[in-house]
Amino acid sequence: MQNFLKFRFIPGTPMEKAAYAVVRRLQEAGHKAFFVGGAVRDLLLGRTPDDIDVTTSALPDRISALFDKAIPLGASFGIITVIMDEIPVEVATFRAERGYSDGRHPDHVEYTDQEELDVTRRDFTVNGLLLNPVAGMVYDYVGGLSDLKRGYLRAIGDPLVRFSEDQLRILRFVRFTASLGFEPDEATASAAKHFADRIDSVAKERVKNELEKILTGADPECGMRLLDQLDIMREVLPGIFALHGKEQPAKYHPEGDAFEHTMLLLRHAFWRTPQVMWSALLHDIGKGVTQSWKDGVPHFYGHEAVGAAMAEDVMRDLRASRELMDCVSTTVRNHMRFSHVDEMKPAKWKRIIREPNFPVELEIHRLDCMACHGLMENYLLMLDRMIQLEREPVPVAPFLTGQDLIGQGIVPGPVFKVILGEAEDLQLEGIFRNREDALNWLSVRKMTILKMKQHFRV
Ligand code: ATP
Ligand code: MG
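For clarity, every value in this text was computed on a predicted model and none was experimentally measured.

Thresholds applied
- Residues numbered from 1 in each chain as written.
- Chains lettered and ligands numbered in written order.
- Predicted model: local features only at pLDDT ≥ 70, side-chain atom pairs only at ≥ 80, totals over all residues.
- Heavy atoms only, no water.
- Helix = DSSP H or I, 4+ residues; strand = E, 2+ residues; numbered from the N terminus.
- Buried < 20%, exposed > 50% of the residue type's maximum accessible area, 1.4 Å probe, protein only.
- Axes fitted to C-alpha atoms, helices over the stretch in contact; angles between N-to-C directions.
- Parallel < 35°, antiparallel > 145°, perpendicular 65-115°, else oblique.
- Contact = heavy atoms within 4.5 Å.
- Nonpolar A, V, L, I, M, F, W, Y, C, P; charged D, E, K, R; others polar.
- Near = heavy atom within 4 Å.
- Polar contact = N/O pair within 3.5 Å; in protein donor to acceptor, adjacent residues only side chain to side chain.
- Areas by Shrake-Rupley, 256 points an atom, 1.4 Å probe, with all protein chains shown as cover.
- Domains from an automatic or database assignment.

Student: Outline unusual backbone geometry, listing residues and values.
Tutor: Unlike most non-glycine residues, Glu-86 shows phi in positive territory, near 70°. With respect to the secondary-structure elements, Glu-86 resides in the loop between β5 (79–84) and β6 (87–93). Take Glu-86: its relative accessible area is 73%, and that puts it in the exposed class. With phi around 50°, Asp-295 is a residue other than glycine that occupies positive phi space. Using a relative accessible area of 74% as the deciding quantity, one classes Asp-295 as exposed.

Student: Could you give an account of the packing of helix α18 (residues 346–354) against helix α20 (residues 377–391), with specific residues and numbers?
Tutor: Their axes nearest at 10 Å, the elements α18 and α20 cross at an angle of 85°. With respect to each other, α18 and α20 are oriented roughly perpendicular. Every residue of α20 that contacts α18 at Trp-349, Lys-350, Ile-352, Ile-353 and Arg-354 is listed here: Met-382, Arg-385, Met-386, Gln-388 and Leu-389. Broken down by class, the residue content of the contact of α18 with α20 amounts to six nonpolar, one polar and three charged.

Student: Any chance you could break down the site of ligand 1 for me, citing the residues and the numbers?
Tutor: Every one of the 14 residues lining ligand 1 counts as a neighbour, but Arg-41, Asp-166, Arg-169, Arg-172 and Arg-175 are closest to it. Between Asp-166 and ligand 1, the recorded distance is 2.9 Å, taken from a side-chain N or O atom to a nitrogen atom. One of the side-chain nitrogen or oxygen atoms of Arg-175 is found 2.6 Å away from an oxygen atom of ligand 1. In isolation ligand 1 offers 590 Å² of accessible surface; the protein chains occlude 76% of this area. Secondary structure elements with two or more residues in the shell around ligand 1: α2 (38–44) and α7 (168–180). Examining the composition of the shell around ligand 1, we find that four residues originate from one element, α7, more than from any other. Grouping the amino acids of the shell around ligand 1 by side-chain chemistry returns one nonpolar, three polar and 10 charged. A domain split of the shell around ligand 1 shows at least three residues from each of domain 1 (3–150) and domain 2 (153–236).

Quick look at the structure:
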């Protein structure tokens, strides 16, 4: 059954103008052409689409012939990237897909000149709308308009069949539900649950991509809770699933177990970068394996170090970049050190603030506090210190180097690190005003070393 809606479209962004021009040229050449999928959904929701997919009855060769710059993108799938006013627009020939014996790729792709066949192969009703931007009309063959209106995420066709064809759709279901703030359709949700244990057929890169979109999207807490309710969490993030029932000391954690605490970090997250969000999700993963009890109180000794290794494994398994993996595991390893910042020597906190990973770590500390006792003293203290440090002159290179030590007759060895570390601390604390102060100190420091001849050959 076809439904339609008048929708006046005035291209605004360069992307919208380029996609509009592509559709108009295809239509002028006698072909059917529409915007399709996420772009139509976003436009109807009053949002600016990131990219616009065009779908047409024109066959790939015809598309290539109609545009000066047309790059086939995997010709077998009939997708052509048209460069219009220097902006790439993906144009795909209407197609129907048949059979998904591997749960990932269709066995056959058939071109068709019927747009209703093209939309019925798509995943969710709100992703199956067509917009003719020239005529200002939206066409709906899948019930997407009414679902969009009431904020409802539902598979096109039989959800059991659709998820059995392609299990990536299960993660997309969670992602769109959370990021659009929609209500999940019950039958679609129960079909997703039914196939949860088949998620391992999805390539790890894609799992990571979807999880990251959930985490950095509008409502990461809702997304992670839905993954959990649909039994997907224990498949894709077993270390987070294991936080269920890990009771924490009630004095510091009125919110409940380690799983609840983790969900609250996601709720409070404001700077939703991949670095912050993966770190927030994984910061207490070590609590799943380190719980011990003393006098009726749970402890998690060493959970940050154990958790850092676990977080690294999770990120590696999901094929994250080295950079992201290192950032997340460093943040997990360091997340407890903020509880002692008030007792730290200036040299130590200055060094911490100047570490490249500090902004992520400070944000995780803020979220960690917000998600339990709510005491923000240490966070505010570090903010004050950051501001104080910004007013200080940009750090100069260390006053002393290994060459100075050699110059004083000290033989290179482990003692170098100790002396240079001490000198750097004194420099950061402002006790050395210049290199001369540092050299004077070194000549005295050398004497103490000479007295320790049994350790250092000088
Ligand atoms: P966004 O780009 O905001 O993530 P989108 O809906 O545009 O959302 P894309 O991944 O860009 O999502 O896909 C474009 C369209 O292709 C979708 O709207 C949907 O119609 C269709 N689609 C994408 N992936 C699948 C899939 N695995 N199964 C069925 N249809 C899909
Ligand atoms: Mg898209």
